Amino acid sequence: MISIIRRNLIDLPTNYSLNYYWCSGFMISFFMILQILTGVILSFLYVSDCAVSFSVVMNFSNDSFFTWCLRYWHMWGVNILFFLFFIHMGRALYYSSYVKKGVWNVGFILYLLMMGEAFTGYILPWHQMSYWAATVLTSIVDSLPVVGPTIYKYIVGGFSVSGDTLIRVFSVHVCLGFIILGLMVLHLFYLHKVGSNNPLFSYSSFTDLVYFHSYFSAKDLMSFLGFCGVLMFILFFSPDILVDIEAYLQADPMNTPMSIKPEWYFLMFYAILRCIESKIGGLCVIVSFLFFLWIPTNNNSSAYFVSRQFIFWSIVSAFVSLIYLGGCHPEYPYLVICQILSLLLVTLTFLFKLLWGYSVVYR
């Protein structure tokens, strides 16, 4: 066991040209471990009952400073995780890490599971926004042809979102955390098996390698402490900056909020679903985007090729724009712009992953 840890964390040969973008994987791992630890403690105190869940969660913030810290760290840890995950995936796309198929496939599955984990956790407080977010998402499942109504009943446990849904969501949320932890170990195994890429695209020479410890371990630790410092600053000075006012109201099936919107890391998908009148059409656009984002292809061009740079940053711009538009009121011209950007995002992702598969190598 000691030799395995030494080979993977101390004596691991690493290219010296790795910059701070490569620290995101280390920080994701540590923040995910902290999320699981805080989540396990909170699960001991949580009650999955639609009559008392809201008051129990509110008491976390009102009764004890310790539970207040646990709850808000858990809430903000999700935001930090998704921010780091977007940086991690953006760096992987930019430097063509998807050519390492084992690492990329497991990483993409982790992204999908993290979205499921985040959404189920968002439902657990059983406030207005979480209840109606669950109602909107499950209605998309209900709209699926043939099998939709049957799957819907199994998910919600009845004819609509209720206390039975909350019990199932709580079970899924707890189990998914440990599944994600196991896949993270598998992701790390594949990464150390094939090796990481680097900004200089240097693979053949052994003269540009250094040990992971202490050069990169110190860099990763400094980045992790920096993010922890930012997180602590937010917790103690503005902990509710991203919390919607509806999150302080208990779920009421008879009172629909004026504006239903999820957390910022789901706003892009929400904007696509909202701007397309057909639920199936919006779901097809999202599935198409995720498919083109996932598909592992070969890349024979440099990451610094001008047209490749243009398409990549266009994808980033469309992605960020859809996040902003997802938080806007669903009216003209926002809906029209969302439709244009949604189709543009799918098209650009398709071009980015497939355009240079058989092109000439630029050195």
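Residues numbered from 1 in each chain as written. Predicted model: local features only at pLDDT ≥ 70, side-chain atom pairs only at ≥ 80, totals over all residues. Heavy atoms only, no water.

Caption draft 1: Seen up close, the overall build of the protein chain. Secondary structure summary: the protein chain contains 13 helices and two strands in total. Taking 2.2 N^0.38 as the reference for a compact globule, 363 residues should give roughly 21 Å; the C-alpha atoms of the protein chain span a radius of gyration of 22 Å, in line with that estimate. The principal-axis extent of the C-alpha atoms belonging to the protein chain is close to 65 × 45 × 40 Å. Residue burial in the protein chain is summarised as follows: out of 363 residues, 46% are buried. Taking all contacts inside the protein chain whose residues are at least 6 apart in sequence as the whole, residues at least 24 apart take part in 79%. For the protein chain, the accessible surface area stands at approximately 18900 Å², while carbon and sulfur atoms represent 72% of it. (Helix = DSSP H or I, 4+ residues; strand = E, 2+ residues; numbered from the N terminus. Rg over C-alpha atoms; globule rule 2.2 N^0.38 Å. Buried < 20%, exposed > 50% of the residue type's maximum accessible area, 1.4 Å probe, protein only. Contact = heavy atoms within 4.5 Å. Areas by Shrake-Rupley, 256 points an atom, 1.4 Å probe, with all protein chains shown as cover.)

Caption draft 2: Focus on helix H6 (residues 128-142). Between the first and last C-alpha of H6 there are 21 Å, a value that for 15 residues agrees with the 21 Å anticipated at 1.5 Å per step. Restricting attention to buried positions, one finds in H6 the residues Gln128, Met129, Ser130, Tyr131, Trp132, Ala133, Ala134, Thr138, Ile140 and Val141. Contacts made by the buried residues of H6 are with helix H5 (101-123), helix H7 (148-156), helix H10 (267-275) and helix H11 (279-294). (Expected span 1.5 Å × (residues − 1).)

Caption draft 3: Region of interest: the side chain of Thr38. Within the secondary structure, Thr38 is located in helix H2 (residues 24-45). Excluding anything up to four places from it in sequence, Thr38 contacts Leu70, Trp73 and His74.

Caption draft 4: Quick look at a nonpolar patch on the surface. Taken together, the side chains of Phe65, Met232, Phe233, Phe236 and Phe237 define a hydrophobic patch exposed on the protein surface, amounting to about 600 Å² of accessible area. Sort the elements by how many residues they give to the nonpolar patch and helix H9 (residues 212-237) lands first, with four residues. Relative to the helices and strands, Phe65 is located in helix H4 (residues 65-94). On the basis of relative accessibility, which here comes to 56%, the residue Phe65 falls in the exposed class. (Patch = residues over 30% accessible without salt bridge, like charges linked within 9 Å, V, L, I, M, F, W, Y side chains within 5 Å. Salt bridge = Lys/Arg side-chain N within 4 Å of Asp/Glu carboxyl O.)

Caption draft 5: The domain arrangement of the protein chain, seen in detail. Domain boundaries assigned for the protein chain yield domain 1 (1-198 + 210-237 + 246-260) and domain 2 (274-362). Placing a centre on the C-alpha atoms of domain 1 and another on those of domain 2 gives a separation of 23 Å. Facing the 20 residues of domain 1 at the interface are 19 residues of domain 2. When domain 1 packs against domain 2, close to 1900 Å² is buried across both sides, 67% of that on carbon and sulfur atoms. Counting every contact that joins domain 1 to domain 2 gives zero salt bridges. At the level of elements, H4, H5 and H6 are the ones that each hand at least two residues to the side of domain 1 that touches domain 2. Looking at the side of domain 1 that touches domain 2 element by element, the count peaks at six residues for H5. Partitioned by chemical class, the residues of the side of domain 1 that touches domain 2 number 14 nonpolar, five polar and one charged. (Domains from an automatic or database assignment. Buried area = accessible area lost by both parts, 1.4 Å probe. Nonpolar A, V, L, I, M, F, W, Y, C, P; charged D, E, K, R; others polar.)

Caption draft 6: Just H7, in detail. Within H7 the residues assigned to the buried category are Gly148, Tyr152 and Val156. Mapping the buried residues of H7 onto a view down its axis gives an arc of 50°, with all of them on the same face. In the core, the buried residues of H7 are packed alongside H6 and helix H8 (163-194). Of the residues trailing H7, Gly157 is marked for its positive phi of about 80°. (Arc of directions from axis to C-beta.)

Caption draft 7: Broad picture of the state of the cysteines. According to the stated counting rule, one finds zero disulfides in the structure shown. For the unlinked cysteine Cys284, the closest cysteine sulfur is that of Cys275, found at 13 Å. Looking at Cys284, the relative accessible area reads 44%, which means it is partly exposed. (Disulfide = S-S within 2.5 Å.)

Caption draft 8: Quick look at unusual backbone geometry. Here the residue pair Tyr332 and Pro333 is connected by a cis peptide bond, since its omega of 5° sits within 30 degrees of zero. Phi is positive for Ser96, close to 60°, though the residue is something other than glycine. Inspection of the secondary structure puts Ser96 in the loop between H4 and H5. Residue classification places Ser96 among the buried positions, given a relative accessible area of 8%. The backbone phi angle of Trp126 is positive, close to 55°, even though this residue is not glycine. Note on placement: Trp126 falls in the loop between H5 and H6.

Caption draft 9: Seen up close, the side chain of His74. Tracing the sequence through the fold places His74 in helix H4. In this structure the side chain of His74 is engaged in a polar contact, spanning 2.9 Å, whose partner is the side chain of Thr38. (Polar contact = N/O pair within 3.5 Å; in protein donor to acceptor, adjacent residues only side chain to side chain.)

Caption draft 10: Representation of the packing of H10 against H11 in the model. Taken N-terminus to C-terminus, the directions of H10 and H11 make an angle of 140°; their axes are 8 Å apart at the nearest point. With respect to H11, the axis of H10 lies oblique. H10 and H11 meet at a crossing whose hand is right-handed. Across the interface between the two elements, Met268, Phe269, Ile272 and Leu273 of H10 pack against Lys279, Gly282, Leu283, Val285, Ile286, Phe289 and Leu290 of H11. (Axes fitted to C-alpha atoms, helices over the stretch in contact; angles between N-to-C directions. Parallel < 35°, antiparallel > 145°, perpendicular 65-115°, else oblique. Left-handed = near helix turned anticlockwise from the far one by under 90°.)

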